Amino acid sequence: MKRSIITAIAGAAAVALALSSCSSSGGDKGNNGGKSGGAVTLKLVAADYGTGPANASQKYWQGIADDFHKQNPTITVKVTTINWNDFDTQVQTLIQNHQYPDITEGDYFSNYAQEGLLYSASDVLSNPGNLLPVFAKQGSYNGTQYGMPFTTSSRTLFYNKKLFSAAGITSAPQTWADVQTDAAAIKAKGDIGFGLPLGSEEAQAEALLWFLGNGGNYQDASGKWAIDSAQNVETMTFLKGLVSAGDTEPNPGTKNRTDLWKQFAAGKIGMINGSPALIPIIQAGGALTDSDWTSVPIAGKTGPLSSTLGVCDNVAAFKANKHQAEIKKFLDFAYQDKYQIQFDKEYDLLPATTSASNALASDPIFGPFLKALPQAVQYPSDTSWATVKTQIQHTLGTAVTGDPKSVLSALQSTAKKGS
Amino acid sequence: MALTALTAQRLVRRTGHAFAPLLWIGPAVALIGVVVLWPVVVMFHASVQHISPDGFVLGSAGGKNYSNLWHEPALSGVIWRTVIWVVAVVFVTILLSLALAQLFNQRFPGRRVARWALIAPWAASVMMTALIFRWALDANNGVINIFLHDLGIVHKLGSSQADWLGRPTVALVWMMIVAVFVSLPFTTYALLAGLQTIPEEVYEAARMDGANRWRMYFSVTLPLLRPAVLVATLINVINVFNSFPIIWEMTRGGPGYDTANTTVFMFIIKQPYPGEGAAMSVINFGLVIVVVVLFLRLTRWKEQVD
């Protein structure tokens, strides 16, 4: 009697499941069944660097995947791209739900390595030594490199020469005082002085660029969290002054980099911190000619930064689906110089391998940025960075309207608490 | 203990009869069990576990997730905001829908088209609607801002005044407007259906007794519409309480958590602390149940709807 209830319920549940799963079919099929008959499907999840359908990263990766499939007919690479705003969240959700991709390209967090989810660089690359050594530490956990840089960039200060000369400014801003007076002069003409993206997209980068200008950082020299250090509080207080004087766009805590870059490209912003990726946006905007803008080292409190923020986006290879050999084949293929250079030309970013850097060293656009890379400062490689970064993105912007000290202290205690 | 063949046969027939209905209601029961009850169980379970950001269970957390949540400085603001959000949105929605339903209940040329048009905000995805409003409110180029600028209400595009979504209080008001906008169609149709069940004779009788239009509305229409209003309010309360896409797409709950409601807040903290996020979900779930039970009590639901 009991049995029949159980069978009936089980049968009904099976029917219900079959019905409800109709809509969500596909997706995971390559996950476990991939190996049957020697054919393997690799799931690649990458961030989208494109500014529209024409240069979507889906195209770039699909191109590599197709070339690769021609040479390795038994391996199919299924490419998924996710826009930058949602990349961390979506990848983390995939991982929280144990729906592991094989390869990700975008932000990488050392907690994945800590959890033992990843292959090391030497597991899945024939020549890991070709990766730029300056980024090795950030991708490493316990001395082994897991995050493999795929593309890099360094930050500089872009300014609009047209707005500068209209406001009667003749020289590039080098100090915070310069930034303040120049921004006020541009604001007086009716434009935005300084574009300050402290919204949830990339607040952690903008804040670090300012912290560096005052000798601060997220961690001190010994690797201890120092988010609420005296220098950082002073830095945010300076920014708060800049914001309340109206020298930035209104409400910087809600503004994202992508939107402000577009406004800079439209000629409405005097100064903004940018990376080479801003260049194609300016060119596509059509409002500024090449002689209307320029980029210089980022202004610090007393002088320009000698070392800027170097950001690298990493490839990570996940163990869960046990595709080590196939991943290695694909990554060796994708890391060829021609694909590195194709990526850099497409998005005006910098290469992440020594051989591709050498190939681009004399390039007029990339050369100067490449020269700055070896001294670049990077984000913390701590395993709690993923958590801290999320909190920074959501709350740091309130430091320029509220009390800088308490906002930074809250972040500091999050960082110390870990996960 | 051996059963005779006869009793065994009888047993099969009897149980077969008893469980025949299960065959019919079974799938529905199983569906509810799998997609409604099971997630609730998992949610409660997750809320007392220590889970790493990567989804690994590191052991029991006891009440730690709840106490961490309790110590989140943003929590009380988030809960108050949610309460204000629900009350304001539902109240305005019902009020406007009463008027709209009355309008659509009249005969006028083009009524059919107008009724169809009302479905649009309902048919469009809420996320799309929220995105459209976000762009329309853009400080520099948003169509609403340009319109307000032409009217002289917004003095300068790109200014703090034009940046509606950047200031938390104003952003919240705008998002409430969007929430009302997307709730109107369903509510209006529910009320319209209610209006159409009121027999014409009642109005005739009222007219014979010399009641004017207002008197007729307040003494005849509204009391007879009560069940429809109750159903519409209840469903709206639950919907609006769990509003996520509007806030997420328009402000992501920012600056800070200043425009987040409980659902958005849960989504933000679940990223670094899945267990604490689950605890927030449990609280949210509890709040909805409390609100619904209170509502049913206060309105003496059973007598009204039966």
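All figures in this text were calculated on a predicted structure; none of them were measured in a lab. (Residues numbered from 1 in each chain as written. Chains lettered and ligands numbered in written order. Predicted model: local features only at pLDDT ≥ 70, side-chain atom pairs only at ≥ 80, totals over all residues. Heavy atoms only, no water.)

Undergrad: When you look at the overall build of chain A in this model, what are you seeing that I'm missing?
TA: Helices and strands together make up the secondary structure of chain A, namely 18 helices and 11 strands. Taken over C-alpha atoms, the radius of gyration comes to 24 Å for chain A, in line with the 22 Å a tight globule of 419 residues would show. In terms of principal-axis extent, the alpha carbons of chain A reach across some 85 × 55 × 40 Å. Long-range pairs, those at least 24 residues apart, make up 73% of the contacts in chain A between residues at least 6 apart in sequence. Accessible surface, chain A as shown: approximately 16700 Å² in total, 53% of it carbon and sulfur. Here chain A carries 32 positive and 35 negative side-chain charges, and the mean point of each set is 6 Å from the other. (Helix = DSSP H or I, 4+ residues; strand = E, 2+ residues; numbered from the N terminus. Rg over C-alpha atoms; globule rule 2.2 N^0.38 Å. Contact = heavy atoms within 4.5 Å. Areas by Shrake-Rupley, 256 points an atom, 1.4 Å probe, with all protein chains shown as cover. Lys, Arg positive; Asp, Glu negative; His and termini not counted. Charge placed at Lys NZ, Arg CZ, Asp CG, Glu CD.)

Undergrad: Is there a simple way to explain the interface of chain A and chain B in this structure?
TA: The accessible area lost on association of the parts is a frequent measure of interface size. Across the contact, 42 residues belong to chain A and 38 residues belong to chain B. For the pair chain A and chain B, the summed buried area comes to about 3200 Å², and 57% of that belongs to carbon and sulfur atoms. Remark: the boundary between chain A and chain B carries two salt bridges. Here K255 of chain A and D163 of chain B are joined by a salt bridge, their closest N and O atoms 2.7 Å apart. For the pair chain A and chain B, the interface holds 14 residue pairs in polar contact (both at pLDDT 80 or more). When contributions to the side of chain A that touches chain B are tallied by element, the ones reaching two or more residues are α1 (2-20), α4 (84-96), α5 (110-114), α11 (257-265), α17 (385-395) and α18 (404-417) of chain A. If one sorts the elements of the side of chain A that touches chain B by residue count, α4 of chain A sits on top with eight residues. (Buried area = accessible area lost by both parts, 1.4 Å probe. Salt bridge = Lys/Arg side-chain N within 4 Å of Asp/Glu carboxyl O. Polar contact = N/O pair within 3.5 Å; in protein donor to acceptor, adjacent residues only side chain to side chain.)

Undergrad: Any chance you could explain helix α4 (residues 111-123) of chain B here in plain terms?
TA: A turn of α-helix holds 3.6 residues, and therefore any two residues three or four places apart point the same way. Residues and elements named next belong to chain B. Look at α4: 19 Å from first C-alpha to last across 13 residues, which is about the 18 Å you get at 1.5 Å a residue. Buried within α4 are the following residues: R111, R115, L118 and P121. Angular distribution of buried residues about the axis of α4 spans 105°; they occupy a single face of the element. Those residues of α4 that are exposed and angled more than 90 degrees off the buried face are R112, V113, W116 and A123. Those residues of α4 that are buried lie in contact with α3 (75-105) and α7 (168-196). (Expected span 1.5 Å × (residues − 1). Buried < 20%, exposed > 50% of the residue type's maximum accessible area, 1.4 Å probe, protein only. Arc of directions from axis to C-beta.)

Undergrad: How should the packing of helix α3 (residues 57-71) of chain A against helix α13 (residues 324-334) of chain A be read in this particular structure?
TA: How two helices sit against one another is set out by the angle between their axes and by the gap between those axes. All names here are of chain A. Viewed as axis vectors pointing N to C, α3 and α13 meet at an angle of 120°, and their least axial separation amounts to 10 Å. Classified by the angle their axes make, α3 and α13 are oblique. α13 is crossed by α3, and the crossing has right-handed handedness. Counting all contacts with α3, which are made through W61, I64, A65, D67, F68 and Q71, the residues of α13 involved are E326, K329, F330, F333 and A334. (Axes fitted to C-alpha atoms, helices over the stretch in contact; angles between N-to-C directions. Parallel < 35°, antiparallel > 145°, perpendicular 65-115°, else oblique. Left-handed = near helix turned anticlockwise from the far one by under 90°.)

Undergrad: I would appreciate a short explanation of the sheet that holds strand β9 (residues 269-274) of chain A in the present structure.
TA: Backbone-to-backbone hydrogen bonds join strands into a sheet, with any given pair of strands oriented parallel or antiparallel. Residue and element names in this part refer to chain A. In space, the four strands of this open sheet follow the order β8-β9-β7-β10, with mixed pairing throughout. With partners counted over all chains shown, the strands left at the sheet margins are β8 (192-195) and β10 (293-296), one partner each. If you compare each strand with its neighbour and ignore which way they point, the axes differ by 15° on average. Summarising the sheet, strand β7 (residues 156-160) and β10 pair through four bridges and their orientation is antiparallel. Each residue of the ladder has a partner; that of L157, found in β10, is V296. Sitting on the sheet, helix α8 (residues 176-188) touches β8 and β9, and the angle it makes with β8 is about 135°. Lying over the sheet, helix α12 (residues 278-285) contacts β7, β9 and β10, oriented at roughly 15° with respect to β7. (Pairing = 2+ DSSP bridges.)

Undergrad: Please clarify how the side chain of K255 of chain A should be interpreted in this entry.
TA: Looking at where K255 of chain A falls in the secondary structure, it is placed in the loop between α10 (230-244) and α11. What makes K255 of chain A buried here is its relative accessible area of 15%. Polar side-chain contacts of K255 of chain A include one of 2.8 Å to the side chain of T254 of chain A. Contacts of K255 of chain A, omitting those with residues within four sequence positions, involve P197, L198, G199, E249, P250 and L260 of chain A together with D163 and G166 of chain B.

Undergrad: Looking at this structure, how should I read the pattern of salt bridges?
TA: It is possible for side chains bearing opposite charge to pair when their charged atoms get close. On inspection of all chains with the given rule, the structure shows 12 salt bridges over all chains. Between R134 of chain B and E249 of chain B there is a salt bridge, with the nearest N and O atoms lying 4.0 Å from each other. With a gap of 115 residues between them, R134 of chain B in helix α5 (residues 126-136) and E249 of chain B in helix α10 (residues 245-250) connect regions that are remote in the sequence. Residues joined in a network through salt bridges with shared partners are R155, E201, E202 and R257 of chain A.

Undergrad: Whenever I open this one, the sheet that holds strand β2 (residues 75-83) of chain A confuses me. Can you help?
TA: Residue and element names in this part refer to chain A. Taken in spatial order, the five strands of this open sheet run β2-β1-β3-β11-β6, and their pairing is mixed. With one partner strand each, in any of the chains shown, β2 and β6 (148-154) form the two edges of the open sheet. Pairs of neighbouring strands in the sheet enclose a mean axial angle of 15°, with direction left out of account. Here α4 sits on the sheet in contact with β1 (40-48), β2, β3 (103-106) and β11 (310-317), set at roughly 125° to β2.

Undergrad: Any chance you could explain the nonpolar core here in plain terms?
TA: Within the largest apolar cluster, 123 residues are counted, with the highest numbers of intra-cluster contacts made by W61, M148, F330 and L331 of chain A. With eight residues, helix α9 (residues 203-212) of chain A is the single largest residue contributor to this core. Discounting chain neighbours no more than four positions away, the residues touching F330 of chain A are L42, W61, I64, A65, F68, V77 and I103 of chain A. Core analysis: the next-biggest nonpolar cluster, separate from the first, contains 68 residues, L118, L148, A171 and W248 of chain B among them. (Core = buried A, V, L, I, M, F, W, Y, C linked by side-chain atoms within 4.5 Å.)

Undergrad: I'm lost on the environment of G168 of chain A in this one. Help?
TA: Mapped onto the secondary structure, G168 of chain A falls in the loop between α7 (161-166) and α8. Between the alpha carbons of G168 of chain A and D182 of chain A there is a distance of 9.1 Å; along the sequence they are 14 residues apart.

Undergrad: Looking at this structure, I do not really get the pairing of β9 of chain A. What am I missing?
TA: As a general feature of sheets, a regular strand has side chains that alternate between the two faces. Residues and elements named next belong to chain A. Counting buried positions along β9 yields six of six residues, so the element is predominantly enclosed. As paired elements, β8 and β9 share three bridges and run parallel to each other. Within the sheet, the bridge partner assigned to G195 lies in β9 and is I272.

Undergrad: For this particular structure, what's the right way to read the packing of helix α11 (residues 262-270) of chain B against helix α12 (residues 274-298) of chain B?
TA: Residues and elements named next belong to chain B. Look at α11 against α12: their axes get within 7 Å of each other, and the N-to-C directions meet at 165°. With respect to α12, the element α11 is oriented roughly antiparallel. The handedness of the crossing between α11 and α12 is left-handed. Between α11, through T262, T263, F265, M266, I269 and K270, and α12, the contact on the second element is made entirely by P274, E276, G277, M280, S281 and N284.

Undergrad: Which parts of the structure should I look at to understand unusual backbone geometry?
TA: Phi is mostly negative for residues that are not glycine, and the peptide bonds are mostly trans. Positioned with a positive phi, K322 of chain A is a non-glycine residue whose angle comes to about 55°. As for its position among the elements, K322 of chain A is in the loop between β11 and α13.

Undergrad: How should a nonpolar patch on the surface be read in this particular structure?
TA: All names here are of chain B. On the surface, a nonpolar cluster with roughly 480 Å² of combined accessible area is contributed by L31, I32, V34, V35, V36 and L37. Checked against the element boundaries, V34 lands in helix α1 (residues 5-47). With relative accessibility at 33%, the residue V34 sits in the partly exposed group. (Patch = residues over 30% accessible without salt bridge, like charges linked within 9 Å, V, L, I, M, F, W, Y side chains within 5 Å.)

Undergrad: I'm lost on the packing of aromatic side chains in this one. Help?
TA: Working definition: an aromatic ring pair is given by the centre-to-centre distance plus the angle between the planes. All names here are of chain A. A full pass over the atoms with the stated rule returns 39 aromatic pairs over all chains. Seen from their ring centres, Y60 and F343 are 4.9 Å apart, and the 70° between their planes marks the pair as edge-to-face. Placement of Y60 in helix α3 and of F343 in helix α14 (residues 337-347) is noted, with a sequence separation of 283 residues between them. Comparing Y60 with F343 shows no difference in burial state: the two are buried. (Phe/Tyr/Trp six-rings, centres within 6.5 Å; stacked < 30°, edge-to-face > 60°.)

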